[in-house]
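The chain contents come next:
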Amino acid sequence: MNTITSKKVNRIVNIFAANFMLNSIGNTIISNTYVLFMATTKGFTEKQISLIFGILPLISVFTFFIWGNIIDKYKKLLLISKFVNIVNIISLFSLIWISNFKIFFIINFLRNILMQPSGVINDEYILNLSNKYNVRFGKIRVFATVGYGIAGVLCTIALKFISPSYTIIMASIFVILNLIGLFFLPEITEPIKIIKKEDNILYSIISIVKIKDFRNFLLTHGVLTATITSATGYAIPLILIKLNAPNFYIGMLPILMIVFEILLLPFIEKCNFYKDINKVLKIAIILLLFRWLIIGVSNSYIIIVSITLIHGLINAILLPLPNKVVWNYVPKEKHSTAIIIYNLCGYTIFPSIINMLTTYMSDSFGIKVYGLTYFVLTLLSLLILIKYKFKENQIEK
């Protein structure tokens, strides 16, 4: 694949970008509808739903690393992606017809485990496209953001006219189209030819975390990502509800969040400052400190909604970095495991800890604790960055 022509690279990029958007549309609609589907269509209680969303991700954390080890060993990204999409389609249609909670829970548990490689595969495919064939990360990643926006509109319209069950069936059509598109893509990674005996799952995790640059990246970029994830998925909607914001403003959040991301993500890596990871992180930190301070002190839902516009700008700056860091600092044979470690910390473990911490403190200090907690965590990331500087010129265009 190293001798692939530029014409074929463009074809691969176009197909993968289209697939990425279809995948984003389908899975975002499913995600946006799932709670409503369980509460209204299935009639599950709040406690039962919390078991599926709270317990399942925790008890299946370890299997992430098993998948990472498998992907790192065989590098059959498209084969595993096809398997994941088939599991997604079959399990969704099964869950539509099952109303018994215990069976529903078991199928969700199996679905959770079998679908875990999905994000990792997409990330690693982009990782190889962008670093082997000089395709800008943002040029591809922006299609997932566009898909997210389209899904928000489609989901809102669909739920006004059809039931959550039919909305999920509609989402499955996009997943099926994504599956079909995978058959038109080539594998662009090669399996590891020599497997060392000590390269078991635990050894891989420890050896990656021991990489100083990667570890410090987790403590800076990973924490920044966690504050953003916590704020967008939990705190900001909650703050707006507490401030009695009209539903219209809450509904506007997803659109406001992606505006600058769509505009800037395809081009941000061409900027001169993007060569220096320290400078990139400092710019993002300054913007986040401003955003969290406003959220921490403001009592106006209009100001909090307006400041959400800055979200897309910050995301456009931060999103391409893990791709470059993993490629430059982590051995090739451990890329999948490194992506899993970062995603687990930045999008699951760190945000969960922040959510529990802020929820506990909000009982005593009110809603201002969310923004101020994010502000303190972002400030700590800045102090770590000041103390530890990444090697210059590690992040290339």
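Details of the structure are given in the entry above.
Residues numbered from 1 in each chain as written. Predicted model: local features only at pLDDT ≥ 70, side-chain atom pairs only at ≥ 80, totals over all residues. Heavy atoms only, no water.

## Points about the pattern of salt bridges
Part 1: For the coordinates displayed, the defined rule picks out 4 salt bridges.
Part 2: Salt-bridge contacts for aspartate 72 lead to lysine 75; the nearest nitrogen and oxygen are separated by 3.1 Å. Per residue, the accessibility class of aspartate 72 equals that of lysine 75, and both read buried.
Part 3: The residue arginine 141 makes a salt bridge to glutamate 261 at a minimum N-O spacing of 3.9 Å. You can see arginine 141 sitting in helix α7 (residues 137–161) and its partner glutamate 261 sitting in helix α11 (residues 247–264), a full 120 residues away along the chain. (Salt bridge = Lys/Arg side-chain N within 4 Å of Asp/Glu carboxyl O. Buried < 20%, exposed > 50% of the residue type's maximum accessible area, 1.4 Å probe, protein only. Helix = DSSP H or I, 4+ residues; strand = E, 2+ residues; numbered from the N terminus.)

## A closer look at unusual backbone geometry
Most peptide bonds adopt trans geometry, and most residues besides glycine take a negative phi value.
Part 1: Its identity is not glycine, yet lysine 75 carries a phi of approximately 55°, on the positive side.
Part 2: In this fold, lysine 75 is placed in the loop between α3 (61–74) and α4 (77–97).
Part 3: By relative accessible area, which is 3% here, lysine 75 ends up buried.
Part 4: Residue asparagine 134 is not a glycine yet carries a positive backbone phi of 55°.

## Considerations on the packing of aromatic side chains
Two aromatic rings, taken as a pair, are described by how far apart their centres are and by the angle between their planes.
Part 1: Applying the stated criterion across every chain, the model contains 13 aromatic pairs.
Part 2: Look at phenylalanine 44 and phenylalanine 101: their rings are 5.2 Å apart centre to centre, the planes differ by 80°, and that puts the pair in the edge-to-face class. Of this pair, phenylalanine 44 sits in the loop between α1 (6–41) and α2 (46–59) while phenylalanine 101 sits in helix α5 (residues 101–114); the two residues are 57 residues apart in sequence, bridging distant segments of the chain.
Part 3: A centroid spacing of 6.3 Å and a plane angle of 85° characterise the contact between tyrosine 342 and tyrosine 347, whose relative ring orientation is edge-to-face.
Part 4: Looking at tyrosine 347, the relative accessible area reads 40%, which means it is partly exposed.
Part 5: What links up through ring pairs into an aromatic cluster is the set Tyr34, Phe37, Phe44, Phe101, Phe104 and Phe105. (Phe/Tyr/Trp six-rings, centres within 6.5 Å; stacked < 30°, edge-to-face > 60°.)

## A word on a nonpolar patch on the surface
Part 1: A cluster of nonpolar residues, Val153, Ile157, Phe161, Ile162, Tyr166, Ile255, Val259, Phe260, Leu263 and Leu309, forms a patch on the protein surface that exposes about 940 Å² of accessible area.
Part 2: At the level of secondary structure, the elements contributing two or more residues to the nonpolar patch comprise α7 and α11.
Part 3: Counting residues per element, the nonpolar patch draws most heavily on α11, which supplies 4 residues.
Part 4: Within the secondary structure, isoleucine 162 is located in the loop between α7 and α8 (164–182). (Patch = residues over 30% accessible without salt bridge, like charges linked within 9 Å, V, L, I, M, F, W, Y side chains within 5 Å. Areas by Shrake-Rupley, 256 points an atom, 1.4 Å probe, with all protein chains shown as cover.)

## Examining the packing of α4 against helix α6 (residues 117–132)
Part 1: Relative to each other, α4 and α6 sit at 150°, their axes nearing to 10 Å. Between α4 and α6 lies a crossing whose hand is left-handed. Taken together, the residues of α6 that come into contact with α4 (itself represented by Leu77, Leu78, Ile80, Ser81 and Val84) are Pro117, Ser118, Ile121, Glu124 and Tyr125.
Part 2: The residue makeup of the contact of α4 with α6, split by class, is 7 nonpolar, 2 polar and 1 charged. (Axes fitted to C-alpha atoms, helices over the stretch in contact; angles between N-to-C directions. Left-handed = near helix turned anticlockwise from the far one by under 90°. Contact = heavy atoms within 4.5 Å. Nonpolar A, V, L, I, M, F, W, Y, C, P; charged D, E, K, R; others polar.)

## Structural notes on the side chain of serine 165
Part 1: Along the polypeptide, serine 165 turns up in helix α8.
Part 2: Looking at serine 165, the relative accessible area reads 11%, which means it is buried.
Part 3: Excluding residues that lie within four positions of it along the chain, serine 165 makes contacts with Phe37, Thr41 and Ile96.

## Details of α8
Part 1: Spanning 19 residues, α8 covers 27 Å between terminal C-alpha atoms, matching the ideal 27 Å at 1.5 Å per step.
Part 2: Every buried residue belonging to α8 is among Pro164, Ser165, Thr167, Ile168, Ala171, Ser172, Phe174, Val175, Asn178, Leu179, Gly181 and Leu182, and all of these are buried.
Part 3: On the buried face of α8, the contacting elements are α1, α4 and α7. (Expected span 1.5 Å × (residues − 1).)

## Quick notes on helix α12 (residues 277–297)
Think of an α-helix as 3.6 residues a turn; residues three or four steps apart then line up on the same face.
Part 1: In this model α12 runs 30 Å from its N-terminal to its C-terminal C-alpha over 21 residues, within 8% of the 30 Å that 1.5 Å per residue would give.
Part 2: Capping the start of α12 is the job of one residue whose side-chain oxygen sits 3.0 Å from the backbone nitrogen of asparagine 278: aspartate 276. (Polar contact = N/O pair within 3.5 Å; in protein donor to acceptor, adjacent residues only side chain to side chain.)

## Looking at empty space enclosed by the protein
Part 1: One pass over the structure, following the stated rule, counts 3 cavities of 30 Å³ or more.
Part 2: Space inside the largest cavity adds up to approximately 110 Å³.
Part 3: Those elements giving two or more residues to the lining of the largest cavity turn out to be α1, α4, α6 and α8.
Part 4: Element by element, the count of residues in the lining of the largest cavity is highest for α1, at 5 residues. (1 Å grid on protein atoms, 1.4 Å probe; cavity = no way out; pocket = protein on both sides within 12 Å on 5 of 7 lines; lining within 4 Å. Points joined across faces, edges and corners; volume = space filled by probe spheres on them.)

## A look at the packing of α4 against α5
Part 1: One can describe the packing of α4 onto α5 by two numbers: an axis separation of 10 Å at closest approach and a directional angle of 165°. Put simply, α4 runs roughly antiparallel to α5. Helix-helix and strand crossings are classified by hand; for α4 and α5 the assignment is left-handed. On α5, the residues that touch Phe83, Val84, Val87, Asn88, Ser91, Leu92 and Leu95 of α4 are Phe104, Ile107, Asn108, Arg111 and Leu114.
Part 2: Within the contact of α4 with α5, the residues separate by chemical class into 8 nonpolar, 3 polar and 1 charged. (Parallel < 35°, antiparallel > 145°, perpendicular 65-115°, else oblique.)

Keep in mind these values describe shape, not function.
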